[in-house]
Amino acid sequence: MSDQAVLHVKGRVLAGPEDVRDELWVVGGRVSYDRPAGARDVRTVTGWALPGLVDAHCHVGLGPHGPVDAATAEKQARTDREAGTLLIRDAGSPSDTRWVDDRDDLPKIIRAGRHIARTRRYIRNFAHEIEPADLVAYVAQEARRSDGWVKLVGDWIDRDLGDLAPSWPRDAVEAAIAEAHRLGARVTAHCFAEDSLQDLVEAGIDCVEHATGLTEDLIPLFAARGVAIVPTLVNIATFPRLAAGGDEKFPRWSAHMRRLHERRYDTVRGAYDAGIPVYVGTDAGGSLAHGLVADEVAELVTAGIPPVDALAATSWAARAWLGRPGLEEGAPADLVVYESDPRADVRVLASPRRVVLNGAAVA
């Protein structure tokens, strides 16, 4: 032990919302709450420590026009890391980012495979674009390729209708979700509007991304089925700009997008009040910048979620939902240290003092 560098985190360690420790030790890249005997090369960091933050809707390897090269993907991952995001659920990417798993200095990624969308009903070059008859086969393919998640595009603009509309018939999603579950994968879906939600939830979906179409009559169904939502409010903030671009060609769609935006905070607070699990996701990648996890937590607070619960949505609760450890004894030492208590003011998340990944200070 005397020849091994040890990191000593001293001050307040938030192992849970109310589980506050005075210190922890990082030995061999792992968390310990027992002082290592005989340690000589000890570096001390002081402050308030949290488990590495979670971005549960992020796209590493995706740019505005589709897949990006490895150098760009690495820059995306580093930007997230420097913001304190050390665990990412990559909610759909056309890039192969498995090489990230071999890098101890980049965030850990839980992949959902590539988006699965209806033909000509999503952003070009992002998704597998298929018809309902092929949905089960593609879900099975992405379930096998992923890290236990599959991502559907549940709705998108129907150009003939001039508005958002469901992408899949009920029987297709029922069969596809059943196949994913048979293969041990959970299923999530991009959904902006109202009309696809009941079918997806009753078909057994595990999570809904954005969920701006969640209404008072649908909230009890989500709550009863335990379906989580990842609101991505920093992305929903772009709806007015998107709507302005469609005013002339798709006025019905534009008006719909504005309505969804106007009630976004009420939607999220209504879900939270009903007991629906809410998690932090930024929708980084595509056209949205990486490194916005602190902004998304602040948005949840603005929506009316209590600060401690908004913090849990990117730390303790989010890690438990994704099946990854926090700051338990023996867990990988992935943590972020702040100047002051983030439970008192979540805005401190925007200024990490130190980022530690796999036991090494990386930012």
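First, a word on scope: everything that follows refers to the structure included in this document.

Comments concerning unusual backbone geometry
Thinking step 1. Here threonine 232, not a glycine, exhibits a phi torsion of approximately 50°, which is positive.
Thinking step 2. Its place among the elements puts threonine 232 in the loop between strand 17 (228-230) and helix 6 (233-236).
Thinking step 3. Notably, aspartate 283 is not glycine yet its phi reads approximately 65°, a positive angle.
Thinking step 4. Along the chain, aspartate 283 turns up in the loop between helix 9 (264-273) and helix 10 (293-302).

So, the packing of helix 2 (residues 135-145) against helix 3 (residues 170-182)
Thinking step 1. At their nearest, the axes of helix 2 and helix 3 sit 9 Å apart, and the two run at 25° to each other. Here helix 2 is positioned roughly parallel relative to helix 3, judged by the angle of their axes. As helix 2 runs across helix 3, the sense of the crossing is right-handed. Along its contact with helix 2, which presents Leu135, Val136, Val139, Ala140 and Arg144, the element helix 3 presents Ala172, Val173, Ala175, Ala176, Glu179, Ala180 and Arg182.
Thinking step 2. In the contact of helix 2 with helix 3, the residues fall into nine nonpolar, no polar and three charged.

Description of the sheet that holds strand 8 (residues 85-90)
Thinking step 1. With respect to topology, three strands assemble into an open sheet ordered 5-8-9, the strand pairing being parallel. Single-partner strands in this sheet number two, and they are strand 5 (53-58) and strand 9 (108-111). Neighbour-to-neighbour, the strand axes of the sheet open up by a mean angle of 20°, direction not taken into account.
Thinking step 2. The pairing of strand 5 with strand 8 spans four bridges and is parallel. Its bridge partner being in strand 8, valine 54 is matched across the sheet by leucine 87.

Thoughts on the pattern of salt bridges
Thinking step 1. Applying the stated criterion across every chain, the model contains 26 salt bridges.
Thinking step 2. The partner of glutamate 82 in a salt bridge is arginine 81, with the nearest N and O atoms 4.0 Å apart.
Thinking step 3. Arginine 170 is the partner of aspartate 199 in a salt bridge, and the nearest nitrogen-oxygen pair spans 3.0 Å. Residue aspartate 199 is found in helix 4 (residues 197-202), and its partner arginine 170 is found in helix 3; the two are separated by 29 residues along the sequence.
Thinking step 4. A relative accessible area of 28% places arginine 170 in the partly exposed class.
Thinking step 5. Among the ionic contacts, a cluster of salt bridges with common partners joins Glu74, Arg78, Arg103 and Asp105.

Section: the side chain of aspartate 283
Thinking step 1. One buried charged side chain, aspartate 283, makes no salt bridge at all; its nearest oppositely charged neighbour is lysine 151, positioned 6.1 Å away.
Thinking step 2. At 2.8 Å, the side chain of aspartate 283 and the side chain of asparagine 235 are in polar contact.
Thinking step 3. Ignoring any residue separated from it by four or fewer positions in sequence, one finds aspartate 283 in contact with His57, His59, His210, Thr232, Asn235 and Leu288.

Let's talk about the sheet that holds strand 19 (residues 354-357)
Thinking step 1. One open sheet accounts for seven strands, arranged 3-2-1-4-18-19-20; its pairing is mixed. Both edges of this open sheet fall to strand 3 (30-32) and strand 20 (360-361), since each of them pairs with a single strand only.
Thinking step 2. Looking at chain direction, strand 19 and strand 20 are connected through two bridges and run antiparallel. What sits directly across from valine 356, in strand 20, is alanine 361.

What about the environment of arginine 35?
Thinking step 1. Mapped onto the elements, arginine 35 comes out in the loop between strand 3 and strand 4 (42-51).
Thinking step 2. Taking relative accessible area as the criterion, arginine 35 reaches 59% and is therefore assigned exposed.
Thinking step 3. Expressed as a C-alpha distance, the spacing of arginine 35 and arginine 124, which sit 89 residues apart in the sequence, is 54 Å.

Considering the pairing of strand 8
Thinking step 1. Strand 8 sits mainly inside the fold: six of its six residues count as buried.
Thinking step 2. Pairing of strand 8 with strand 9, which is carried by four bridges, proceeds in the parallel orientation. Across the sheet, aspartate 90 pairs through a bridge with arginine 111, a residue of strand 9.

Considering the nonpolar core
Thinking step 1. Counting residues in each nonpolar core, the largest one holds 61 residues, and the members touching the most others are Leu135, Leu152, Ile205, Phe222 and Leu300.
Thinking step 2. Top element by residues in this core is helix 3. It accounts for five residues.
Thinking step 3. If we ignore the near neighbours within four places in the chain, the residues touching leucine 152 are Ile116, Leu135, Val139, Trp168, Val187, Thr188, Ala189 and His190.
Thinking step 4. One finds Phe126, Ala127, Ile157 and Phe192 within the second-largest nonpolar core, a separate group that totals 18 residues.

What counts and what doesn't
- For every chain, the first residue of the written sequence is number 1, and numbering continues from 1 onward in sequence order.
- Residue-level local features of this predicted model are given only where pLDDT is at least 70; pairs of side-chain atoms are given and counted only at 80 or more, and the full residue set underlies all totals for whole chains, interfaces and linings.
- To obtain the side-chain values, all non-hydrogen atoms of the structure were included, while hydrogens and water were left out.
- A run of H or I in DSSP becomes a helix once it reaches four residues, and a run of E becomes a strand once it reaches two; helices and strands are each numbered from the N terminus.
- For helices, the fitted line uses only the C-alpha atoms of the stretch in contact; every axis is such a line through C-alpha atoms, and the angle between N-to-C directions lies from 0 to 180 degrees.
- For this classification, under 35 degrees means roughly parallel, over 145 means roughly antiparallel, 65 to 115 means roughly perpendicular, and everything else is oblique.
- In a left-handed crossing the near helix is turned counterclockwise from the far helix by less than a right angle, and in a right-handed crossing that turn is clockwise.
- We call two residues contacting when some pair of their heavy atoms lies within 4.5 Å.
- Residues were grouped as follows: Ala, Val, Leu, Ile, Met, Phe, Trp, Tyr, Cys and Pro as nonpolar; Asp, Glu, Lys and Arg as charged; and all remaining residues, including Gly, as polar.
- Only strands joined by at least two bridges in the DSSP assignment are considered to pair.
- For salt bridges, the criterion is a side-chain nitrogen of Lys or Arg within 4 Å of an Asp or Glu carboxyl oxygen.
- Burial classification: accessible surface area is computed with a 1.4 Å probe over protein chains only, and a residue below 20% of its type maximum counts as buried, one above 50% as exposed, and the rest as partly exposed.
- Counted as positive: Lys and Arg. Counted as negative: Asp and Glu, with His and the chain ends omitted from the count.
- Nitrogen and oxygen atoms within 3.5 Å of one another constitute a polar contact, given that in protein one can donate a hydrogen and the other can accept it, and given that sequence-neighbouring residues count only through two side-chain atoms.
- To form a nonpolar core, buried Ala, Val, Leu, Ile, Met, Phe, Trp, Tyr and Cys residues must be joined to one another through side-chain atoms within 4.5 Å.

In short, shape yes, function no, at least from these values alone.
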